[in-house]
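# Analysis of the macromolecular model
Listed below are the residues making up each chain.
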Amino acid sequence: MTREYPAISIVALTNCMRCMVAWVLLAAVCRGGEVREFHSADGVELRASFEGMAGDKVKLRREDGKAFELSQDKLSAEDRAYIAEITGREATNKLDASPQVSVEPKDTNVALVNPGMGWWVTFYSNAIGNYGAKLEPSDTLEDFPGLAVVYLRVPWAFLEPEEGKFNWALFDTPAQRWIAKGKKVAIRVTCSENWMQYATPKWVRDAGAKGVDYDWAQGPKPDGKLWDPDFLDPVYLTKLEYFLKAMARRYDGNPNVAYIDVGTFGMWGEGHTFMSSRVSDERSFEACKRHIDLHQKYFPHTLLCISDDMAGHNAPGRHFPITDYALSKGVTLRDDSIMVQPPPNQWYHAEMAREFWPKLPVIVEHEHMGGSKQRGAWGDGSRLLQAVEEYHASYLSIHWWPREELMENRTLIDRINLRLGYRLQLRKIAWPAQVKRGETFSVATLWANAGVAPCYGGGFWALTLKDAKGGIVSVLVDEDFDMRALEVAAPGMAETKTLHSDFTIARPFGGIHGPATAPGDYTVFVSIGQRDGTPTIALPLADDDNARRYKIGHIRLLP
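Conventions used here
- Residues numbered from 1 in each chain as written.
- Predicted model: local features only at pLDDT ≥ 70, side-chain atom pairs only at ≥ 80, totals over all residues.
- Heavy atoms only, no water.
- Helix = DSSP H or I, 4+ residues; strand = E, 2+ residues; numbered from the N terminus.
- Buried < 20%, exposed > 50% of the residue type's maximum accessible area, 1.4 Å probe, protein only.
- Contact = heavy atoms within 4.5 Å.
- Areas by Shrake-Rupley, 256 points an atom, 1.4 Å probe, with all protein chains shown as cover.
- Salt bridge = Lys/Arg side-chain N within 4 Å of Asp/Glu carboxyl O.
- Phe/Tyr/Trp six-rings, centres within 6.5 Å; stacked < 30°, edge-to-face > 60°.
- Lys, Arg positive; Asp, Glu negative; His and termini not counted.
- Polar contact = N/O pair within 3.5 Å; in protein donor to acceptor, adjacent residues only side chain to side chain.
- Axes fitted to C-alpha atoms, helices over the stretch in contact; angles between N-to-C directions.
- Parallel < 35°, antiparallel > 145°, perpendicular 65-115°, else oblique.
- Nonpolar A, V, L, I, M, F, W, Y, C, P; charged D, E, K, R; others polar.
- Pairing = 2+ DSSP bridges.
- 1 Å grid on protein atoms, 1.4 Å probe; cavity = no way out; pocket = protein on both sides within 12 Å on 5 of 7 lines; lining within 4 Å.
- Points joined across faces, edges and corners; volume = space filled by probe spheres on them.

When helices and strands are tallied, the protein shows 13 helices and 27 strands. Burial statistics for the protein: of 559 residues in total, 54% are counted as buried. When contacts within the protein are restricted to residue pairs at least 6 apart in sequence, long-range pairs at least 24 apart make up 73% of them. Per element, the accessible surface of the protein, about 23,600 Å² overall, is 51% carbon and sulfur.

The subject of this paragraph is the pattern of salt bridges. Inspection of the entire model under this criterion finds 27 salt bridges. The partner of Asp107 in a salt bridge is Arg423, and the shortest N-O contact between them spans 2.9 Å. Of this pair, Asp107 sits in the loop between strand S6 (100-103) and strand S7 (118-125) while Arg423 sits in the loop between helix H13 (410-417) and strand S18 (424-432), and the two are 316 residues apart along the sequence. Classification of Asp107 by relative accessible area gives partly exposed; the value is 25%. Taking the shortest distance from any N to any O, the salt bridge between Asp230 and Arg283 comes out at 3.1 Å.

Centre-to-centre distance and the angle between the planes together describe a pair of aromatic rings. Applying the stated criterion across every chain, the model contains 25 aromatic pairs. Centroid distance Phe123 to Trp178: 5.8 Å. Interplanar angle 80 degrees. Geometry classified as edge-to-face. Remark: Trp178 occurs in helix H4 (residues 169-179) and Phe123 occurs in strand S7; sequence separation between them is 55 residues. Each ring, one from Phe166 and one from Tyr242, has its centre 6.4 Å from the other, and the planes form 20 degrees; the classification is stacked. Separated by 76 residues along the polypeptide, Phe166 in the loop between helix H3 (156-159) and H4 and Tyr242 in helix H6 (residues 234-251) bring together distant segments of the chain. Residue classification places Tyr242 among the partly exposed residues on the basis of a relative accessible area of 46%.

Negative phi is the rule for most residues except glycine; trans is the rule for most peptide bonds. Residue Pro343 is joined to Pro344 through a cis peptide bond whose omega torsion reads 10 degrees. For Pro344, the position within the fold is in the loop between strand S15 (332-338) and helix H9 (350-353). Pro515 follows Gly514 through a cis peptide bond whose omega is -5 degrees. Within the secondary structure layout, Pro515 lies in the loop between strand S25 (512-514) and strand S26 (520-529). Residue Tyr131 is not a glycine yet carries a positive backbone phi of 50 degrees. The residue Tyr131 is located in the loop between S7 and strand S8 (147-155) in this model. You can call Tyr131 buried: its relative accessible area is 5%. Even without being glycine, His392 reaches a positive phi, approximately 50 degrees. Take His392: it is sitting in the loop between helix H11 (382-391) and strand S17 (393-398).

Moving on, we get to helix H8 (residues 321-328). Taken together, the buried positions of H8 are occupied by Ile322, Thr323, Tyr325, Ala326 and Leu327. Looking at the buried positions of H8, the neighbouring elements they touch are helix H7 (281-298), strand S14 (304-307) and H9. Of the residues flanking the end of H8, it is Gly330, one or two places downstream, whose phi is positive at about 80 degrees.

This part covers the side chain of Asp228. Position of Asp228 among the secondary structure elements: in strand S12 (residues 226-229). Of the side chains with opposite charge, Arg278 comes closest to the buried, unpaired Asp228, at an N-O distance of 9.8 Å. Side chain to side chain, Asp228 and Ser277 meet in a polar contact 2.7 Å long. Excluding anything up to four places from it in sequence, Asp228 contacts Cys191, Ser192, Gly211, Val212, Tyr214, Ser276 and Ser277.

Their axes nearest at 9 Å, the elements H11 and H13 cross at an angle of 10 degrees. One way to sum up the angle between H11 and H13 is to call them roughly parallel. For the pair H11 and H13, contact is made by Ser382, Leu384, Leu385 and Val388 and by Leu412, Arg415 and Ile416, respectively. Class assignment for the residues of the contact of H11 with H13 results in five nonpolar, one polar and one charged.

On to the sheet that holds strand S20 (residues 440-449), then. The strand order across the open sheet built from four strands is S6-S18-S20-S23, with neighbouring strands paired in antiparallel fashion. Every other strand in the sheet has two partners, leaving S6 and strand S23 (496-504) as the edge strands with one partner each. Adjacent strand axes in the sheet meet at a mean angle of 20 degrees, parallel and antiparallel pairs treated alike. Relative to S23, S20 is paired through nine bridges, and the arrangement is antiparallel. What sits directly across from Ala448, in S23, is Thr496.

This paragraph deals with the environment of Ala468. If you trace the backbone, Ala468 turns up in the loop between strand S21 (460-466) and strand S22 (472-477). With 53 residues separating them in the primary sequence, Ala468 and Asp521 have C-alpha atoms 8.4 Å apart.

Among the secondary structure elements, His272 is positioned in the loop between strand S13 (257-261) and H7. Within the local environment of His272, its side chain forms a polar contact with the side chain of Glu270, the two groups lying 3.0 Å apart. Those residues in contact with His272 that sit more than four places away from it in its chain are Phe265, Gly266, Met267 and Asp309.

Taking strand neighbours across the sheet as the criterion, the three strands line up as S11-S10-S12 in an open arrangement whose pairing is antiparallel. What marks the edges here is a single partner per strand, and that holds for strand S11 (219-220) and S12. Pairing geometry for strand S10 (residues 211-215) and S11, over two bridges, is antiparallel. Pairing of Asp215 across the sheet is with Gly219, part of S11.

A full pass over the atoms with the stated rule returns two cavities of 30 Å³ or more. Quantified by volume, the second largest cavity comes out at close to 30 Å³. Together, Val189, Leu244, Met247, Ile260, Asp261, Thr264 and His295 line the second largest cavity. Mapped onto the lining of the second largest cavity, the elements with two or more residues apiece are H6 and S13. Its residues assigned to classes, the lining of the second largest cavity shows four nonpolar, two polar and one charged.

Okay, here's the thing in structure tokens:
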């Protein structure tokens, strides 16, 4: 079993005794007095020998003669066993010989709602009369397993009908319904639609912004019924920048916002104009860059995404100038949308997603389910799960009447929920049945990520003790391993990571234990979250305390 330690340097080892907690004794067996190799977590080697004991201190000597003493309770159980073999004496922690509690929790197979992942429901689908907008105000689809985000996609003209006068209630009213249930919001503002002449407000054109009249699917026409702005026109960009600045005051860094689309270029905000004003490839590239930069300027604290169609709606491949540019800026990828056509053209950009998903959450939208079924692209729905696997998707759309999609695909949705995003599993945990206050003990855990994507936000596991009244008695966090590092793999093939975490309950300070903790029997909980022990990630475990801590057993604390 592998122990994880924080990275330290040899300088720290020589200057600060307490940094020796981070050393790893290698598995090669040697007798006392023989030189052996020590390794710091950053790979720096140090050759030294075990010189014996000084009370409860382990004596080590480097080849240059420099001696160190290390409290034995700072070593792992395996290291103490090695010292005991060499010296013939018992390890310092007398409780090592006490009974061990070992638990192998089972995955509950429930859908998880977690940061940075989940299903999103299309509330406004460009037009504001579709899908989620038809729900009763009290209906937030709590019966849809894994639903995490409400998606609001509307034209700029609806949000700023008059210059400087904003209709934020269009976003905030539905958003608050879902936020009250612990869900998040995603946003796209579009500037080009095929069902209304002025998705970009008409007052922008009246202010002097240049543009193109066109007819849908026929291209530019002097008397065209629709209008696109010139997406690089300085008047248009000035007005758009003012709008984005106002929008950012409300939504940048807002913890309730999951992500924002860069949707101000191209038809429906998808980054293409081949059915509308037919902007040249060269000019499209420059416009896309400009719009990415504008959004980054005003939303530096919010996840941004571009449509895959910025690179060409049906252009397969892994690298494109605009997607490489977006990735270099920390902007992620969204596919608009898969399963428009039947195989072999059910999607084009799973290969493109390979550049993004190891670093950033990938967002996948499926075609309107009804239209996809009519064209024979939906099949039995299993292609949706296939897309989650191939894209390593963190977010997936509900792009239809949500309960109709749920009723027709419930089994499939349950299967997708076992893979979508990340799914952190505690496979095994072992700890001493009893420990003494102030003495260090080890807890062994086995972790895996059963999802298709990394846990991008990361997290640290914590052991929490509660008394019979549910009061928190002790919170112990292992900061040495970030769950972000758990690898993803094919279904059923997730790699496991074994951790040995050393904890101490209530350290003694001049006869007083701090924090004050009485001996007794306590309930043990596990969680994953912030470094301070605040749980943030739901786990597929039973016995949740409603704060994302999970009961796994008991421990006795001795005086």
